[in-house]
Amino acid sequence: MGENVKLDTSLQLTSAVTIKNRFFKSAMSEQLGDKQHNPRPDLARLYGTWAAGGVGLNVTGNVMIDRTALGEPKNVVLDEQSDLALFRQWTKSGTQNNTQLWAQLNHPGKQIPAILTEEPVAPSAIPLTGGLEKGFNTPRALTESEIQAIIQRFATSAGLAKEAGFSGIQIHGAHGYLVSQFLSPRHNQRIDQWGGSAENRMRFVLAVYHAIREKVGQDFPVGIKLNSADFMKDGFTEDESMAVVRALDEAGIDLIEISGGTYESPSMMGANVRESTRRREAYFLEYAEKVRQQIKTTLVVTGGFRSSEAMTAALQSGATDMIGVARPMALQPDLPNKAIADSNYRIAFNRPSTGVKALDRMAMLDITWFEAQLQRIGSKKLPQANLSAWVVVAQMFMSLGKHAFQKRRA
Ligand SMILES: Cc1cc2nc3c(=O)[nH]c(=O)nc-3n(C[C@H](O)[C@H](O)[C@H](O)COP(=O)(O)O)c2cc1C
C-alpha cells in the first residue's frame, strides 16, 4: 500500500523504466500541427516548459494515426508521411530533465466534426445524439478489412513514435473515440466478432494492444487511457470497464489511466460529478479503489485534482500510483515543482464562460480556452488566468471559418 508515498517518490514502472515522481500530465490536444500535420516548433517549446516544471510523465495531446481521420483541424499525425526530424525536436525538448514523454495515439471514429469529413467511420452506423448530430455526420460502419487496417495503423504509429524518441505510447481508449466506441454496447451493435458480447467488444482494443506490442517490443512502455464508464444510457458500464482492465492487465499493459465520459456526456471534465466526489477532487477515485483490488498494473487517476493535499491523500490511499493532471498544467506548467515544495499548494480557476451558455457549448470553451493557454506557452508567452472567453471564441470561429472555406474549395 501507499502509506508512505509522497508526490516526489519515484515509481518503478518496469524493470527498465523508473519515473522520477508521481506527476502524470494527462493528454491535452494542443492543435499545434503544421499544414502537413507535423509538429510545429511551438510544441518543443511547450513540452520543454513542462519538462522544466518537474512533471515525471508527460503524455502528448492526441496524435492521430490516420490523416484521413482527424479529430481536430490542426492535429499532429504520425504515419509514414510524417517528418520524423520534426518529431525528434519535440521529443528532445520534452524528455529533458529526466521526463518521460509518451505519445497518445488516437483514431476519433465518429467524433470527427462535420467540417473535417462527410462520412466518418465507426463500429456501427449510429449517429451522436444530444444536439451533437448537428456538428458531427452520421458514420458508416467499418468493414472487416478496414478494422484490420486501423489496427495496423496503430502499430505503425507506435513504431514511429519509438523511432522518433518518445519514451512510451498511450492508446486513447477513452472519451468516446474509436476504441471507446468499440467497447460501448450503445455505439457498437455489430453482429460479427467485433460486436455483441462484452468479450467481442473488447476484441478491438486487445488487438490494437497486441499489434503495438509486437511492433515496439516488450521493453517499450505501452499504456492506455480508459473510461471507468461512459455515463450514458446503454453505454459502457463500470463492470464492463473492470473486465477490460483485467484483460489488459493479463495481456501485459504497463499503465492504465482512468477517466470517464464522452462528447455526449463529458464526465471527464467534471460534468455530473457528485458533491462528495468533488470534495475528494478526483472524479474517478472510487472506481480506482475497486480496480486496485483486482490488478497490479500501474494505475493513474485523472480528473479534478487541484491540491497537494488531495493528491497526496489519493496516493497514500493506495488507489492510484500517479496523479493525472491536465487543465491545471495549462495554467501552471511548473505545478509539479510547486506542489512538491508546498504541502498547502492549491490551484483554483473558474469554468471559462462568455456568459452565453449556448455559445460556450458551441465553441467547446471547456477545451478551447485551455488550448489557447497551451498555444500561449508554445509561443513563449505566459499563461493568462484572466484570458477573455470572448477572445478565444472569436479566434476559434475565425480559424474554423478559414478552414471550412479551404475544405469546400478542396
Ligand atoms: C484543452 C484540452 C484538451 C484535451 N485533449 C485531450 C486529449 O487529446 N486526449 C485525452 O485523453 N484527453 C484530453 N483532454 C482531457 C484531459 O486529459 C483530462 O482527462 C481532463 O481535462 C480532466 O482532467 P483535469 O481535471 O486535470 O483537467 C483534454 C482536456 C483539455 C482541457
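Residues numbered from 1 in each chain as written. Predicted model: local features only at pLDDT ≥ 70, side-chain atom pairs only at ≥ 80, totals over all residues. Heavy atoms only, no water.

A. Spatial organisation of the overall build of the protein. When you go through the protein residue by residue, the secondary structure sums to 15 helices and 13 strands. Relative to a compact globule of 410 residues, whose C-alpha radius of gyration would be 22 Å, the protein shows 20 Å and is just as compact. In terms of its C-alpha atoms, the protein occupies a principal-axis envelope of roughly 55 × 45 × 45 Å. Here the protein holds 410 residues, and the buried ones make up 60% of them. By sequence separation, contacts in the protein at least 24 residues apart represent 69% of the contacts at least 6 residues apart. With the model as given, the accessible surface of the protein reaches about 17200 Å², and the carbon-plus-sulfur share is 51%. (Helix = DSSP H or I, 4+ residues; strand = E, 2+ residues; numbered from the N terminus. Rg over C-alpha atoms; globule rule 2.2 N^0.38 Å. Buried < 20%, exposed > 50% of the residue type's maximum accessible area, 1.4 Å probe, protein only. Contact = heavy atoms within 4.5 Å. Areas by Shrake-Rupley, 256 points an atom, 1.4 Å probe, with all protein chains shown as cover.)

B. Structural detail: the site of the ligand. As a structural note, the neighbourhood of the ligand is formed by 24 residues, with Ala27, Gln104, Lys225, Ala326 and Arg327 the closest of them. Gly304 is positioned such that a nitrogen or oxygen atom in its backbone is 2.9 Å from an oxygen atom of the ligand. Ala326 places a main-chain nitrogen or oxygen 2.8 Å from an oxygen atom of the ligand. Protein chains shield 97% of the accessible area of the ligand, which is 610 Å² for the free molecule. Within the residue set of the shell around the ligand, elements represented by two or more residues are α11 (327-331) and α14 (365-378). Looking at the shell around the ligand residue by residue, the classes come out as nine nonpolar, 10 polar and five charged. (Near = heavy atom within 4 Å. Polar contact = N/O pair within 3.5 Å; in protein donor to acceptor, adjacent residues only side chain to side chain. Nonpolar A, V, L, I, M, F, W, Y, C, P; charged D, E, K, R; others polar.)

C. Region of interest: the pattern of salt bridges. This model, assessed by the stated rule, comprises 16 salt bridges. Put simply, Asp192 and Arg190 hold a salt bridge, and the shortest N to O gap is 2.8 Å. By relative accessible area, which is 26% here, Asp192 ends up partly exposed. A relative accessible area of 12% means that Arg190 is categorised as buried. Each of Arg40, Asp42 and Arg45 takes part in a single network of salt bridges with overlapping partners. (Salt bridge = Lys/Arg side-chain N within 4 Å of Asp/Glu carboxyl O.)

D. How the structure looks around the environment of Gly131. Here Gly131 lies in the loop between β7 (121-122) and β8 (140-141). Taking the C-alpha atoms as reference points, Gly131 and Glu264, separated by 133 residues in sequence, lie 8.7 Å from one another.

E. Up close: empty space enclosed by the protein. Evaluation of the coordinates by the stated rule reveals one cavity of 30 Å³ or more. Taken as a whole, the largest cavity holds about 30 Å³ of empty space. Lining the largest cavity we find Leu183, Ala198, Arg201, Met202, Phe236, Glu240 and Val244. Mapped by element, the contributors of at least two residues to the lining of the largest cavity are α5 (198-201) and α7 (238-251). Tallied by class, residues from the lining of the largest cavity come to five nonpolar, no polar and two charged. (1 Å grid on protein atoms, 1.4 Å probe; cavity = no way out; pocket = protein on both sides within 12 Å on 5 of 7 lines; lining within 4 Å. Points joined across faces, edges and corners; volume = space filled by probe spheres on them.)

F. Representation of the nonpolar core in the model. Within the largest apolar cluster, 100 residues are counted, with the highest numbers of intra-cluster contacts made by Phe154, Ile169, Ile171, Phe204 and Ile212. Once residues lying within four places of it in the same chain are set aside, the contact partners of Ile169 are Trp102, Ala103, Leu105, Ala158, Ala161, Ile212, Phe220, Pro221, Val222 and Gly223. With 12 residues, the next largest nonpolar core counts Ile19, Leu57, Leu255 and Met322 among its residues. (Core = buried A, V, L, I, M, F, W, Y, C linked by side-chain atoms within 4.5 Å.)

G. Focus on helix α9 (residues 285-292). Inspection of α9 places Leu285, Tyr287, Ala288, Val291 and Arg292 among the buried residues, and these make up the whole buried set. Buried positions in α9, seen along its axis, are confined to an arc of 150° and lie on one side of it. Turning to α9, the residues buried within the fold contact α7, β11 (255-259), α8 (275-280), β12 (298-302) and α10 (308-316). (Arc of directions from axis to C-beta.)

H. Examining the side chain of Glu281 more closely. For Glu281, the position within the fold is in the loop between α8 and α9. A residue is classified by how much of its surface remains accessible, and Glu281, at 8% relative accessible area, is buried. Among the polar contacts made by the side chain of Glu281, one reaches the main-chain amide nitrogen of Arg306 at a distance of 2.5 Å. Those residues within four positions of Glu281 in sequence are excluded, and the remaining contacts are Gly303, Gly304, Phe305, Arg306, Ser307, Ala310 and Arg346.

I. Quick peek at the pairing of β12. For β12, the buried fraction is high: five of the five residues fall into the buried class. Neither face of β12 is open: one carries Thr298, Val300 and Thr302, the other Leu299 and Val301, and all of them are buried. Where β11 and β12 come together, four bridges link them in parallel fashion. Considered in β12, the bridge of Ile258 is made with Val301. As defined by bridge partners, β12 adjoins strand β13 (residues 322-325) across three bridges and the pair is classed as parallel. Within the sheet, the bridge partner assigned to Val300 lies in β13 and is Met322. Following the chain from β12 across α10 to the adjacent parallel β13, one finds a crossover that is right-handed. (Pairing = 2+ DSSP bridges. Right-handed = clockwise from strand over helix to strand, strands pointing away.)

J. Representation of unusual backbone geometry within the structure. Although it is not a glycine, Asn98 sits at a positive phi angle of roughly 55°. Its place among the elements puts Asn98 in the loop between α2 (84-94) and β6 (100-106). You can call Asn98 exposed: its relative accessible area is 56%. The phi angle at Asp234 is positive, at roughly 65°, despite the residue not being glycine.

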